[in-house]
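So you can see what is in the structure, the chains are spelled out below.
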Amino acid sequence: MLKKLLPFVEHVIKKPVWDCRMCGQCVLHSTGMTCPMTCPKTLRNGPCGGVRENGNCEVIPDMQCVWLKAYAPSRIFIVD
Ligand code: SF4
């Protein structure tokens, strides 16, 4: 029963917040709480070479590159 309930609860919480795809290999903790599976190319190790000058995605021009979103929170701790 619990085995079925936990993924359901996980999905109910994570889908609206992080657009979770239930990939089973969650890396939110190491990608600035941004899900790399929302990258149209599903890149899991960093941005492609097509990030536009304004930081938006080459595949979905209205969307900010997922990897820039993932990187942004880490900038808070960098002292220039
Ligand atoms: S620009 Fe960013 S979000 Fe778009 S395909 Fe490339 S890595 Fe993925």
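Refer to the structure printed above.
Treat the numbers as computed from the prediction; the structure is a model and nothing was measured.

Procedures and definitions
- Residues numbered from 1 in each chain as written.
- Predicted model: local features only at pLDDT ≥ 70, side-chain atom pairs only at ≥ 80, totals over all residues.
- Heavy atoms only, no water.
- Near = heavy atom within 4 Å.
- 1 Å grid on protein atoms, 1.4 Å probe; cavity = no way out; pocket = protein on both sides within 12 Å on 5 of 7 lines; lining within 4 Å.
- Sits in = over half its atoms within 2 Å of the grid points.
- Nonpolar A, V, L, I, M, F, W, Y, C, P; charged D, E, K, R; others polar.
- Helix = DSSP H or I, 4+ residues; strand = E, 2+ residues; numbered from the N terminus.
- Buried < 20%, exposed > 50% of the residue type's maximum accessible area, 1.4 Å probe, protein only.
- Contact = heavy atoms within 4.5 Å.

Trainee: What is the right way to read the site of the ligand from this model?
Mentor: Around the ligand, 14 residues are found, and the nearest of them are C39, C48, C57, C65 and V66. When atom positions are compared with the pocket grids, the ligand is found to occupy the largest cavity. Across the shell around the ligand, the residue classes tally to twelve nonpolar, no polar and two charged.

Trainee: Teacher, can you tell me more about unusual backbone geometry here?
Mentor: In most cases, non-glycine residues show a negative phi, while peptide bonds are predominantly trans. Even without glycine at this site, D19 takes up a positive phi of about 55°. One can find D19 in the loop between α1 (2-18) and α2 (66-75). With a relative accessible area of 29%, D19 lands in the partly exposed category. One non-glycine residue, M33, lies in positive phi territory at about 60°. Among the secondary structure elements, M33 is positioned in the loop between α1 and α2.

Trainee: Would you explain the environment of P61 in this entry?
Mentor: As for its position among the elements, P61 is in the loop between α1 and α2. Sequence separation between P61 and K41 is 20 residues, and the spatial gap between their C-alpha atoms is 13 Å. Other than its neighbours up to four places away in sequence, P61 contacts R52 and N56.

Trainee: Where do I start with the environment of V27 in this structure?
Mentor: On the secondary structure map, V27 appears in the loop between α1 and α2. Taking C-alpha positions, V27 is 26 Å from N54, a pair spaced 27 residues apart along the chain. Residues within four places of V27 in sequence aside, it is in contact with P36 and R44.

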